[in-house]
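Understanding the architecture of this molecule
Residue-level listing of the chains:
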There are 6 protein chains.
Amino acid sequence: MKTVAFGEIMLRLSPPGYSRFVQASQFDVVYGGGEANVAVMLAQCGLESEFVTALPAHELGQCAVNALRRYGAGTGHILRQGPRLGIYYIETGASQRASKVIYDRAGSSIAVAQASDFDWDIILSGASWFHFSGITPAISPEMAKAVQNACQAAKRLGVKVSCDLNYRSKMWTVEQARAVMQPLMESVDLLIANEEHIRTILEIDTHSLPVEDTNLTREGCLQAAEMVNSRYHIPAIALTQRRSLSASDNRFKGMLWKEGEAAFSPQHTMHIVDRVGSGDSFSAGILNGLQKGWSVQQTVDFAAAACCLKHSVPGDFNLCDEAEILALAGGDGSGSVQR
Amino acid sequence: MKTVAFGEIMLRLSPPGYSRFVQASQFDVVYGGGEANVAVMLAQCGLESEFVTALPAHELGQCAVNALRRYGAGTGHILRQGPRLGIYYIETGASQRASKVIYDRAGSSIAVAQASDFDWDIILSGASWFHFSGITPAISPEMAKAVQNACQAAKRLGVKVSCDLNYRSKMWTVEQARAVMQPLMESVDLLIANEEHIRTILEIDTHSLPVEDTNLTREGCLQAAEMVNSRYHIPAIALTQRRSLSASDNRFKGMLWKEGEAAFSPQHTMHIVDRVGSGDSFSAGILNGLQKGWSVQQTVDFAAAACCLKHSVPGDFNLCDEAEILALAGGDGSGSVQR
Amino acid sequence: MKTVAFGEIMLRLSPPGYSRFVQASQFDVVYGGGEANVAVMLAQCGLESEFVTALPAHELGQCAVNALRRYGAGTGHILRQGPRLGIYYIETGASQRASKVIYDRAGSSIAVAQASDFDWDIILSGASWFHFSGITPAISPEMAKAVQNACQAAKRLGVKVSCDLNYRSKMWTVEQARAVMQPLMESVDLLIANEEHIRTILEIDTHSLPVEDTNLTREGCLQAAEMVNSRYHIPAIALTQRRSLSASDNRFKGMLWKEGEAAFSPQHTMHIVDRVGSGDSFSAGILNGLQKGWSVQQTVDFAAAACCLKHSVPGDFNLCDEAEILALAGGDGSGSVQR
Amino acid sequence: MKTVAFGEIMLRLSPPGYSRFVQASQFDVVYGGGEANVAVMLAQCGLESEFVTALPAHELGQCAVNALRRYGAGTGHILRQGPRLGIYYIETGASQRASKVIYDRAGSSIAVAQASDFDWDIILSGASWFHFSGITPAISPEMAKAVQNACQAAKRLGVKVSCDLNYRSKMWTVEQARAVMQPLMESVDLLIANEEHIRTILEIDTHSLPVEDTNLTREGCLQAAEMVNSRYHIPAIALTQRRSLSASDNRFKGMLWKEGEAAFSPQHTMHIVDRVGSGDSFSAGILNGLQKGWSVQQTVDFAAAACCLKHSVPGDFNLCDEAEILALAGGDGSGSVQR
Amino acid sequence: MKTVAFGEIMLRLSPPGYSRFVQASQFDVVYGGGEANVAVMLAQCGLESEFVTALPAHELGQCAVNALRRYGAGTGHILRQGPRLGIYYIETGASQRASKVIYDRAGSSIAVAQASDFDWDIILSGASWFHFSGITPAISPEMAKAVQNACQAAKRLGVKVSCDLNYRSKMWTVEQARAVMQPLMESVDLLIANEEHIRTILEIDTHSLPVEDTNLTREGCLQAAEMVNSRYHIPAIALTQRRSLSASDNRFKGMLWKEGEAAFSPQHTMHIVDRVGSGDSFSAGILNGLQKGWSVQQTVDFAAAACCLKHSVPGDFNLCDEAEILALAGGDGSGSVQR
Amino acid sequence: MKTVAFGEIMLRLSPPGYSRFVQASQFDVVYGGGEANVAVMLAQCGLESEFVTALPAHELGQCAVNALRRYGAGTGHILRQGPRLGIYYIETGASQRASKVIYDRAGSSIAVAQASDFDWDIILSGASWFHFSGITPAISPEMAKAVQNACQAAKRLGVKVSCDLNYRSKMWTVEQARAVMQPLMESVDLLIANEEHIRTILEIDTHSLPVEDTNLTREGCLQAAEMVNSRYHIPAIALTQRRSLSASDNRFKGMLWKEGEAAFSPQHTMHIVDRVGSGDSFSAGILNGLQKGWSVQQTVDFAAAACCLKHSVPGDFNLCDEAEILALAGGDGSGSVQR
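Read on for an overview of the structure. (Residues numbered from 1 in each chain as written. Chains lettered and ligands numbered in written order. Predicted model: local features only at pLDDT ≥ 70, side-chain atom pairs only at ≥ 80, totals over all residues. Heavy atoms only, no water.)

On to the overall build of chain A. Within chain A, the secondary structure is distributed over eleven helices and 17 strands. In terms of overall size, chain A behaves like a compact globule, its C-alpha atoms giving a radius of gyration of 19 Å where 339 residues would be expected to give roughly 20 Å. The dimensions of chain A, computed from C-alpha atoms along their principal axes, are 50 × 50 × 40 Å. Across the 339 residues that make up chain A, the buried fraction comes to 65%. Of the contacts made within chain A by residues no fewer than 6 positions apart, 69% connect residues no fewer than 24 positions apart. On chain A, roughly 10,800 Å² of surface is accessible, and the fraction owed to carbon and sulfur atoms is 47%. Side-chain charges of chain A comprise 29 positive and 35 negative groups, with the mean position of each set lying 4 Å from the other. (Helix = DSSP H or I, 4+ residues; strand = E, 2+ residues; numbered from the N terminus. Rg over C-alpha atoms; globule rule 2.2 N^0.38 Å. Buried < 20%, exposed > 50% of the residue type's maximum accessible area, 1.4 Å probe, protein only. Contact = heavy atoms within 4.5 Å. Areas by Shrake-Rupley, 256 points an atom, 1.4 Å probe, with all protein chains shown as cover. Lys, Arg positive; Asp, Glu negative; His and termini not counted. Charge placed at Lys NZ, Arg CZ, Asp CG, Glu CD.)

Below is the structure:
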């Protein structure tokens, strides 16, 4: 049971606490990125995972490798080449002040890599799942091609493919994203997305679906999933529903639809320590449940609980273990001290 | 468009996080004070501002100068003289435990300065507004005189005057404050105050005004402003209304009355990172709107949003820019991550 | 008026902020333990207190002594012997993620001490109260014996005895606890406990008592206290009632029953900075009120306010002074800045 | 065997590491002052000590009390009155850049105290030594009078008096210092000083004494001590000799002359972690030796070793214990790891 | 007297203390770059200075602007455009382990700027000196052209030109550097360089000059300066001579040759806190002396002292003031505490 | 080429900078131990390594696993069992103040493990070297047996054995050490030791060997090695020679004797950042050279350079890579900035 995740891992720099960028005399340093976050959380759940990317040969590249190794993700297929490590700066918001992200990822080692640098037949050998997000093909046309190559190799090798649809408007246009992402859908066995992205990128017309309190109703979610399935023939579709009350408080719930069967997680209301990577935890939670043969309901409850708990952990990685997540998925959100 | 603010800037020392004074082995160091906070926020809004004070010639005085320069406030008329930099210690409260301030400002350079040390005709040359708060004349009789001199010079030079009525009982008695502040009102073009201070210091009888949930109603605010205007002939009056739910959560709303026209901001409920300087942000927000010719409604909405956002920024200074404040004033308080 | 508290004080190691153990490159260092926490809070209230334990002769043992001295607790009867200082690691939870405690106290100096190492006639000389919790006799059979010896000496010397029933399942079984704690009750003048522990350890059948929202009703509390009094003849019984909404928010209220008279504190809802030691604050608050001859109502209000405020103070010790606690007990929970 | 030390304890604020004042966003916080440093080191040596001063009643005053209690110095006679805690800012130098101290002690609680606030018959009851330095009488004429009162009471009560001559030109003139210090010498049983201060303040003409490498020779030291003894009839005189190679490296040696017998310590060359309080360690070292009846040679060797080791300890206090100091005094300066 | 310096200012990220990159969980954050360092030090000396560059419009660009403003350098001509802020990572070495720098400056706002973005007639208006280093033209061909434009404008406007020859092999080849730098020499009024760079870049044959202990002798320095002057007609030439004993200890001395008159500074041996920017301090020291009309000897002594002191200040900027530097230049390197 | 190292890895807690234990409010947290340090350094040199131990199943045990994984050491055979993680506290000395270590390792998971818990035929499968130190068999009689088992398995499997003789008097007596270590020597292919330990533990009579400046001369080293070889038939013997000038400065040199051929490293003088683990670096350096087939001279030069550089790296692990060590071994100790 091995998952291979492919994407960019970046140096993340953030002013301590709630300081703003212009106040900082130190930055907290961690490493993260959507697909790396998935690989790390799967490792916390006891599954084998591998993260594939390109990183510069120098010490900063090594730092990113070490962050992955430290938390148990495999790094054996990471290319050590190219000029620089991508960076993202993040300032933690509070109350009505939003968290702010400044990306500095142009020209990174993966951004200048060639599709041909990655030999997917070797990389995916022995894997059971291949995971990517909409961010990876947005990095460059070469990386879009690398994802296509990976998906084709996956199909060849009987490796399942999961995709977090994640659209980032700073990286490419909706038109570019549609042109790349829609064809990829034919390889996808599990799609994770929110309503906005299936509407804009996959062009599923969700306008007439029933809405309640800014989110689709359960019925609306169900229909949305069926519309995606009907058009793209994806066997499993997970929908996320977030509501931002403030930078300090969010609500989250999720749905998993699998071959006609749907289950909805309870809604969690979270005080936020760190907002980043919570969607990746949901993805990893779904992958964990599917790989372990859990029921649709168990799987979506686990994934939503993983997402919820991630909001309480600083950094990109969800460093909660399976037992902790299962406890919340099983209904214990009291936060009583564990002695 | 230049605002000259006059008052004391202090070294602010605070135990990290929620530690109490008796636990601290380090103090976080920033610099701030009511009028300096106004000058800095105006600079963040792209307006020219200048802060006038007296600071010791040594390195700690330089630190205060540097803090102002760093964030764009002018320091060209700061006197470098006198024995010491005023200090305030602040311990950040949480939940039912209040934040605690210990002042150590006696004998500071501005407290021992002479009124004649400040040549207002030079200082106010080219300015459009002069700003002070009720704290400045409370520093010493000489500084009360300096404020009087400044107001007279302002009138001479066609510079408008704004005053944040702020009464501090640790600095002078109500009687002393009345004797100094009431005569100053005749020079004031914009008064910022809360109901308690216009009642106690300006002796406006607000007892019979309608109240709701510990604050004046809209109608009550309106009448209060008109009573102040009627007695002191101040053309613009801004009222602040705060409710402290706990040391961690407050509510705030404001009103601006200008020549008979009144507008009320929405009420904001804030999780508090740093409570200090939020009132100064409201003052600066009003000044920004008036200087930019915004409507009364736009101005008070902006000022209340500035006040609200300040609660999320550590330190005295409101290091939010105009665009961020306008976004909240425009209704977006969701705190969604800005990527 | 001197209280002698007996138990273990440990080195407490915690990752900064909300970091998890696996993320930490630094640990915050404080010292604490249930009975030490009581001694320190009594010292903050201006009462004489003394903490008795065994600590290794090396520098880490000295650190624990110094922590007590720093906050005014007496250390004159601490034994400096044995191999090591007990440790507990604590990771601060947030939202649905619980705080997690890992104990590393086996083999500590007090765990390997002999009952005969403590000469209670000397130690309790001049004391008015002796305080222990259910943790102390759980440390070892020798320490159970030491507590028995202390209780007997207290009775001999006219020293009153208070006991916080606190049962820790990691330290001993329910059966072991019953066998030790029940006989000790005959010496106890003040028992502090929650409903669960009087049911399991003192075998008071509370199943039929009226419950509301997971806690006993006032009537239920009253009956529980009377049942304890009826069986164990303890003249004063304080009951605590906590509800954990999440790791970030808790509710607390308390009852004090004394010789037939009962009083209930208001319920406090707390944002949590540090959950540990809040029950000890309640105990110390009751002891403070009793020693100062306050009414039952004043005493329980003070104790609950002390407990509430402790949640806002980092570390084990409640470093609030009596005036602050009295202010909250008197109804001011607004958290307005104290200038 | 109790030593009572009298003087000012201040809040010490220093930028971390080698940062300059203008760079600091945090200050390290400790508490210290010449006489307090002596009291604390004596407590480390197992002797009873008491520090007497005046401190404000607020939390910062409490912090200073707690610092003393933490390290075992008695605080029972500290007055809690007056407006403020004295402060000194210190920036740690390195290499050719000197450490820089900015005093902010004017108007402190002790600076505005009255001589009559201190009842020396009570304070010195049970003491064997009274210690002060030339800084205490320089604080104010009232404190000069308080020192005189203390010395007279000491003589009355058979308490010996030690004085560290320490002259601070920022506090008073040479003429003022002479007028106060010279009469005090008649009460002094132990004088600690360097050559410059006995020349300028005590007006001992050391110009013709033999010098080597900027310091008096042994013969010169001997003659200087005899001249002091001859003029002021002080039975014991300790001379310190420092050479500053850079802010990072200093050399130190000392002499003790007692009733005609003299001994010289070896010279120590120190890498400097913290330069402050090293002279106070020498004073305390002499006092420790004298109180324990050590030989003149043992005493001066211990005092010089204490001074040397203090340079390696951050903060004002010398937190080395007697065994460590004795080891260096005995010749082991290898710094080999102690496992 | 205004100096305009032109170049790149970067975000500097360094692990705290002596930690290696792979150990860091925080980076210390400052901003610096050769020419910015010169501008800042001139401001510390009380001279007007202006730093010209291009910085992104976002908050990180603002941070760099604020760093300059904080320490008094003018920022009025900085372009706010382009994609990113250049970065350099630096790990502080110790003993035999060298400090290590990783540049991440490709694609920065200045690296992608056009020469025509800078209007030198406006920028240099009112300036007396224009300063650049060999790093600026190495950034890009466009920036090489910008430097040429600036030099031509300087000549037109009667502004003197200083150049720190600084060659960085990671940025361009020796051949490229020669082709750009040699023609620029005809505009240069002051050249600062070491022997290696005048040999390799200016192709001055220094091989036969007399050497002692790896550095040119005084006679050799003199001849080298005369050879440069003879070939490039530069009226003032400053030579730096460094010897690295270890990452912790260096030696430095300098020479200034001006129109036939030469002076040599004493040699300084430094314990190193921060090695970066020390050469820039030498350059700024020469510029300060020349602008203030000091003698050649005074000027070189000041410059060498400035360089020496910089080694004791963390960060890129030399935050020593003129008085401190003059004290060392005058011979006081004792590092005695300044109280 | 895989090395399997066996021993204890501990949590290392140290006050920041040069603070003493009694001053600390934070501890820096790393993980280390003699054999783990060897495994990690070999991984930095690009060799496969594996560390074998027992660690508790809880998060602190996981932290130790993660520290090893982060830096590339294998953890696949670590047992997750037993009660606790061993701890050592270390206070960093400076100048004449020695670093101080307090061990708290009794009762750790490895200390209570059984020899039979380790199946060496599986663990050593595929290994080329097995490494242990004198600390491992000192942990407990069971661990002494485990080492014996490992050595026997190594012989069976053709795995070479290296032993760092390291004797710790706090763990066992000389007699106990002799009884265990001497028989183990017959399995040892590489012995690393200093003169004191071969004399006391291996009972080699070195008293008559020639000494210079407290260390054996080259001739003495040679004879010592030959005496060890003659008695214990160990084919390769590495001798370390350290001289502690102070806690801040040490000297180190080494010798490698291999089958009659000897080579001596140059002597290095180090400023010390962190003294711990430097001997382990020497061991790992020898193992690296031997495994890579380097000459005896190259090997000892590399090992001594590795040891030297370790003194500049905080923590137990030597996080220098092979290229850096080779540069110093090749003679470049200038510490010039690497840009």
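So, about the pairing of strand β15 (residues 249-258) of chain D. Residue and element names in this part refer to chain D. When you tally the buried positions in β15, you get seven out of ten residues, the bulk of the element. Counting the residues in the hairpin turn of strand β14 (residues 236-244) and β15 gives four residues. Inspection of the sheet shows β15 paired to strand β17 (residues 268-271) by four bridges, in the antiparallel sense. Looking at the pairing, Phe 252 lines up with His 268 of β17. Hairpin connection, β15 to strand β16 (residues 261-264): the antiparallel pair is bridged by two residues, and Glu 259 has positive phi, about 45 degrees. (Pairing = 2+ DSSP bridges.)

To continue, consider the interface of chain B and chain A. Think of interface size as the accessible area that goes away when the parts come together; that is how it is often given. The interface is formed by 23 residues belonging to chain B together with 24 residues belonging to chain A. Summed over both sides, the interface of chain B with chain A buries roughly 2,100 Å², with 52% coming from carbon and sulfur. By the criterion of area lost to chain A, the three top residues of chain B are His271(B), Val337(B) and Arg339(B), representing 32% of everything that side buries. In this structure, the connection of chain B to chain A is made through 16 residue pairs in polar contact (both at pLDDT 80 or more). Secondary structure elements with two or more residues in the side of chain B that touches chain A: β17 (268-271), α10 (296-310) and α11 (322-329) of chain B. (Buried area = accessible area lost by both parts, 1.4 Å probe. Polar contact = N/O pair within 3.5 Å; in protein donor to acceptor, adjacent residues only side chain to side chain.)

Another point: the sheet that holds strand β2 (residues 10-14) of chain A. Spatially, eight strands are ordered β8(A)-β7(A)-β2(A)-β3(A)-β3(E)-β2(E)-β7(E)-β8(E) in an open sheet, and the strand pairing comes out mixed. Of all strands in the sheet, those bounded by a partner on one side alone are β8 (100-104) of chain A together with β8 (100-104) of chain E. Across the sheet, the mean angle separating the axes of adjacent strands is 30 degrees when strand polarity is ignored. Of the strand pairs in this sheet, strand β7 (residues 87-91) of chain E and β8(E) are connected by five bridges, and their pairing is antiparallel. (Axes fitted to C-alpha atoms, helices over the stretch in contact; angles between N-to-C directions.)

Let us look at the relation of the copies chain B and chain A. With an RMSD of 0.0 Å, the fit of chain B onto chain A corresponds to turning through 120 degrees and sliding 0.0 Å along the axis. Given the turn and translation reported, the copies of this chain are related as if by a three-fold rotation axis. Minimal C-alpha distance to the rotation axis in chain B is attained by Gly17(B), lying at 5.0 Å. (Least-squares fit on C-alpha atoms with pLDDT ≥ 70 in both.)

This brings us to helix α5 (residues 141-157) of chain A. All names here are of chain A. Relative to the 24 Å expected for 17 residues at 1.5 Å per residue, α5 spans 24 Å between its end C-alpha atoms, a close match to the ideal helical length. Turning to α5, its buried residues are Met 143, Ala 144, Ala 146, Val 147, Ala 150, Cys 151, Ala 153 and Ala 154. Trailing α5 by a residue or two, Gly 158 shows a phi angle of about 75 degrees, which is positive. (Expected span 1.5 Å × (residues − 1).)

Moving on to the packing of helix α2 (residues 59-70) of chain A against helix α2 (residues 59-70) of chain F. At their nearest, the axes of α2(A) and α2(F) sit 8 Å apart, and the two run at 145 degrees to each other. Note on packing geometry: the crossing formed by α2(A) with α2(F) is right-handed. Within the contact between the two elements, α2(A) uses Asn66(A), Arg69(A) and Arg70(A) and α2(F) uses Asn66(F), Arg69(F) and Arg70(F). Classifying every residue of the contact of α2(A) with α2(F) gives no nonpolar, two polar and four charged. (Left-handed = near helix turned anticlockwise from the far one by under 90°. Nonpolar A, V, L, I, M, F, W, Y, C, P; charged D, E, K, R; others polar.)

On to the sheet that holds strand β3 (residues 26-32) of chain F. Strands sit in the order β8(C)-β7(C)-β2(C)-β3(C)-β3(F)-β2(F)-β7(F)-β8(F) across an open sheet of eight strands; the sheet is mixed. Lying at the two open borders of the sheet, with one neighbouring strand each, are β8 (100-104) of chain C together with β8 (100-104) of chain F. With strand direction ignored, the average angle separating the axes of adjacent strands in the sheet is 30 degrees.

Residues and elements named next belong to chain D. An ideal rise of 1.5 Å per residue puts 20 Å on 14 residues; helix α9 (residues 278-291) measures up with 20 Å between its terminal C-alpha atoms. Of all 14 residues making up α9, 13 are buried, and the element is well covered by its neighbours. Positioned one or two residues after α9, Gly 293 has a phi angle of 70 degrees, which is positive.

All right, on to the environment of Thr200(A) then. Residue and element names in this part refer to chain A. Looking at the element boundaries, Thr 200 is found in helix α7 (residues 195-200). Separated by 23 residues in the primary sequence, Thr 200 and Ala 177 place their C-alpha atoms 9.3 Å from one another. With sequence-adjacent residues up to four places away left out, Thr 200 is seen in contact with Val 174 and Arg 178.

All told, the structure shown has zero disulfides over all chains when counted by the stated rule. With no disulfide of its own, Cys307(B) lies 7.3 Å from the sulfur of Cys308(B), the closest cysteine sulfur. Relative accessible area serves as the criterion here: at 0%, Cys307(B) is assigned to the buried category. The thiol sulfur of Cys320(D) is not disulfide-bonded, and the nearest other cysteine sulfur, from Cys308(D), lies at 9.4 Å. The exposure class of Cys320(D) is buried, given its relative accessible area of 1%. (Disulfide = S-S within 2.5 Å.)

Considering all chains together, one arrives at 66 aromatic pairs over all chains under this definition. Both rings, one in Phe27(D) and one in Tyr89(D), keep their centres 6.1 Å apart while their planes meet at 65 degrees; by these two values the pair is edge-to-face. Residue Phe27(D) is located in strand β3 (residues 26-32), and its partner Tyr89(D) is located in strand β7 (residues 87-91); the two are separated by 62 residues in the primary sequence. The two residues Phe27(D) and Tyr89(D) agree in class, both being buried. Consider the rings of Phe130(D) and Phe132(D), whose centres lie 5.9 Å apart with planes at 25 degrees: the pair is stacked. Following the ring pairs from residue to residue traces out a cluster consisting of Phe6(A), Phe118(A), Trp120(A), Phe130(A) and Phe132(A). (Phe/Tyr/Trp six-rings, centres within 6.5 Å; stacked < 30°, edge-to-face > 60°.)

So, about the pattern of salt bridges. What the rule picks out here adds up to 102 salt bridges over all chains. For the salt bridge of Glu324(A) with Lys100(C), the shortest nitrogen-to-oxygen distance reads 2.9 Å. Here Glu324(A), found in helix α11 (residues 322-329), pairs with Lys100(C), found in strand β8, and the two come from separate chains. Classification of Glu324(A) as buried rests on a relative accessible area of 17%. Here Glu203(B) makes a salt bridge to Arg178(B), at a shortest N to O gap of 3.6 Å. Of the two residues, Glu203(B) sits in the loop between α7 (195-200) and β12 (211-212) while Arg178(B) sits in helix α6 (residues 174-184), which places them 25 residues apart along the sequence. Judged by relative accessible area, Arg178(B) falls into the partly exposed class, the value being 24%. When salt bridges that share partners are traced, they join Arg20(A), Glu91(A), Arg97(A), Lys100(A), Glu324(B) and Glu59(E) into one network. (Salt bridge = Lys/Arg side-chain N within 4 Å of Asp/Glu carboxyl O.)

All names here are of chain C. Relative to the elements of secondary structure, Ser 162 occurs in strand β10 (residues 160-164). Given a relative accessible area of 0%, Ser 162 falls into the buried group. Not counting residues within four places of it along the chain, the set of residues in contact with Ser 162 comprises Trp 129, Phe 130, His 131, Phe 132, Leu 190 and Leu 287.

All names here are of chain D. Tracing the backbone through its elements, the reader meets Phe 317 in the loop between α10 (296-310) and α11 (322-329). Considered as a pair, Phe 317 and Asn 229 are 88 residues apart in the sequence and their alpha carbons are 30 Å apart. In this structure, Phe 317 is in contact with Ile 9, Tyr 31, Gly 32, Ala 36, Asn 37, Val 40, Ala 67, Leu 68, Tyr 71 and Lys 310, ignoring residues within four places of it in sequence.

It is worth spelling out the side chain of Thr53(D) at this point. By secondary structure assignment, the location of Thr53(D) is in the loop between β4 (48-52) and β5 (54-55). Not counting chain neighbours up to four residues away, the residues in contact with Thr53(D) comprise Gly7(D), Glu8(D), Ile9(D), His77(D), Ile78(D), Leu79(D), Ile110(D) and Phe118(D).

What follows deals with the environment of Glu226(E). Position of Glu226(E) relative to the elements: it lies in helix α8 (residues 218-232). Separated by 34 residues in the primary sequence, Glu226(E) and Gly260(E) place their C-alpha atoms 7.9 Å from one another.

Within the chain, Asp213(A) stands out as a residue other than glycine whose phi angle is a positive 55 degrees. Its location among the elements puts Asp213(A) in the loop between β12 (211-212) and β13 (215-216). Although it is not a glycine, Ser95(D) adopts a positive phi angle of roughly 50 degrees. For Ser95(D), the position within the fold is in the loop between β7 and β8 (100-104).

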